Amino acid sequence: YFFHSAPVIETLARFEFVVESKYRVAVMSGPKGVGKSMTLRTMVDRYTSPAFQFVLLSLFGVEHQEFLIELLTQLGESRVEARTTPWLWRRLQDRIKLNSFQRVHTIILLDDASDAEVDVLNAVIRIAQGNTTSPSLVSIVLATDCDRQALLGDRLAAAVEELIAEEAGGDGTFTVSVVLNGEVR
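If you're wondering where the values come from, they're calculated on a predicted model, not measured in any experiment.

Each helix and strand counted, the protein chain has six helices and seven strands in total. Counting from the amino terminus, helix and strand elements in the protein chain follow one another as α-β-α-β-α-α-β-α-β-α-β-β-β. Each of the 185 residues in the protein chain was classed as buried or not, and the buried ones make up 46%. Counting contacts in the protein chain only where the partners sit at least 6 residues apart, residues at least 24 apart contribute 69% of the total. Carbon and sulfur atoms provide 52% of the accessible area of the protein chain, an area that totals close to 9300 Å².

With respect to the helices and strands, leucine 121 occurs in helix H5 (residues 118-130). In this structure the C-alpha to C-alpha distance between leucine 121 and histidine 64, which are 57 residues apart in sequence, comes to 8.7 Å.

A word on the packing of helix H3 (residues 64-74) against helix H4 (residues 85-101). Between H3 and H4, whose axes approach to 10 Å, the crossing angle comes to 35°. By crossing handedness, the relation of H3 to H4 is classed as left-handed. Contact with H3, carried on its side by His64, Gln65, Leu68, Ile69, Leu71 and Leu72, involves Thr85, Leu88, Trp89, Arg91 and Leu92 of H4 and no other residues of that element.

Below, the discussion takes up the nonpolar core. In terms of nonpolar packing, the biggest core is built from 31 residues, with Phe67, Leu71, Leu92, Leu110, Ile127 and Ile140 touching the most fellow members. Counting only elements with at least two residues in this core, the list comes to strand E1 (25-30), strand E2 (52-58), H3, H4, strand E3 (105-111), H5 and strand E4 (138-145). Ranked by residues supplied to this core, first place goes to H5 with six residues. Beyond its immediate chain neighbours, meaning those up to four positions away, phenylalanine 67 contacts Leu57, Leu59, Val62, Leu110, Val120, Ala123, Val124 and Ile127.

Positionally, threonine 106 belongs in strand E3. Of note is the side chain of threonine 106, whose polar atom sits 2.8 Å from the side chain of asparagine 99.

What follows is about the confidence of the model for the protein chain. Of the residues in the protein chain, 76% have a pLDDT of 70 or more, and the chain-wide mean is 78. Across residues 166-185, confidence stays below pLDDT 50; counting only partners more than four residues off in sequence or on other chains, it has 52 contacts.

Bringing a negative patch on the surface into the picture now. A surface patch of negative charge is lined by Glu63, Glu66, Glu70, Glu117 and Asp119. Within the element layout of this structure, glutamate 63 appears in the loop between E2 and H3. According to the relative accessible area criterion, glutamate 63 is partly exposed, its value standing at 49%.

So, on to the pairing of E4. On any regular strand, side chains alternate: one points to one face of the sheet, the next to the other face. Of all eight residues in E4, eight are buried, a share of seventy percent or more. Across the two faces of E4 the burial is the same, with Val138, Ile140, Leu142 and Thr144 and Ser139, Val141, Ala143 and Asp145 all buried. The sheet contact formed by E3 and E4 spans five bridges and is parallel. Counted as the bridge partner of threonine 106 is valine 138 from E4.

Rules of the game
Residues numbered from 1 in each chain as written. Predicted model: local features only at pLDDT ≥ 70, side-chain atom pairs only at ≥ 80, totals over all residues. Heavy atoms only, no water. Helix = DSSP H or I, 4+ residues; strand = E, 2+ residues; numbered from the N terminus. Buried < 20%, exposed > 50% of the residue type's maximum accessible area, 1.4 Å probe, protein only. Contact = heavy atoms within 4.5 Å. Areas by Shrake-Rupley, 256 points an atom, 1.4 Å probe, with all protein chains shown as cover. Axes fitted to C-alpha atoms, helices over the stretch in contact; angles between N-to-C directions. Left-handed = near helix turned anticlockwise from the far one by under 90°. Core = buried A, V, L, I, M, F, W, Y, C linked by side-chain atoms within 4.5 Å. Polar contact = N/O pair within 3.5 Å; in protein donor to acceptor, adjacent residues only side chain to side chain. pLDDT = per-residue confidence, 0-100. Patch = residues over 30% accessible without salt bridge, like charges linked within 9 Å, V, L, I, M, F, W, Y side chains within 5 Å. Salt bridge = Lys/Arg side-chain N within 4 Å of Asp/Glu carboxyl O. Lys, Arg positive; Asp, Glu negative; His and termini not counted. Charge placed at Lys NZ, Arg CZ, Asp CG, Glu CD. Pairing = 2+ DSSP bridges.

Structure, rendered in structure tokens:
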């Protein structure tokens, strides 16, 4: 069950803004237990249109090749387990291009991003940088603990177009602020 408090509704509205504005990379940051994972699952449930294809992955303990396999599997590919990394990258590029040609917005939701291995974060950057269409038909949303956000690294931080920050309030709720191009909104 997901309690729709005012801060939660605001967070979901900001996600909708990210999706509808077709941002390439966004980060949702907040303390442990504030509801980041539930918010990601709620986003998948809210968009049931064939114009969107969602992928929801936890990056906790995931290795580079495992990340690509799971991503491709959720995008509808089969028999990808025993393939080489270059083959997986080629199939991923093909799948993203196919979605783009079909005008399907691919939305990749990555939970536990601050726990990801460096190779996986580099793969996320590669996906974001390889998506050069404007407006973007691939959006990547990373969820991270605010006290571990620095672990995402400078290269990924430079790719972030939208920061959705959730901060715990004294009453157990959280507030939401967004940073867009260095400006708090």
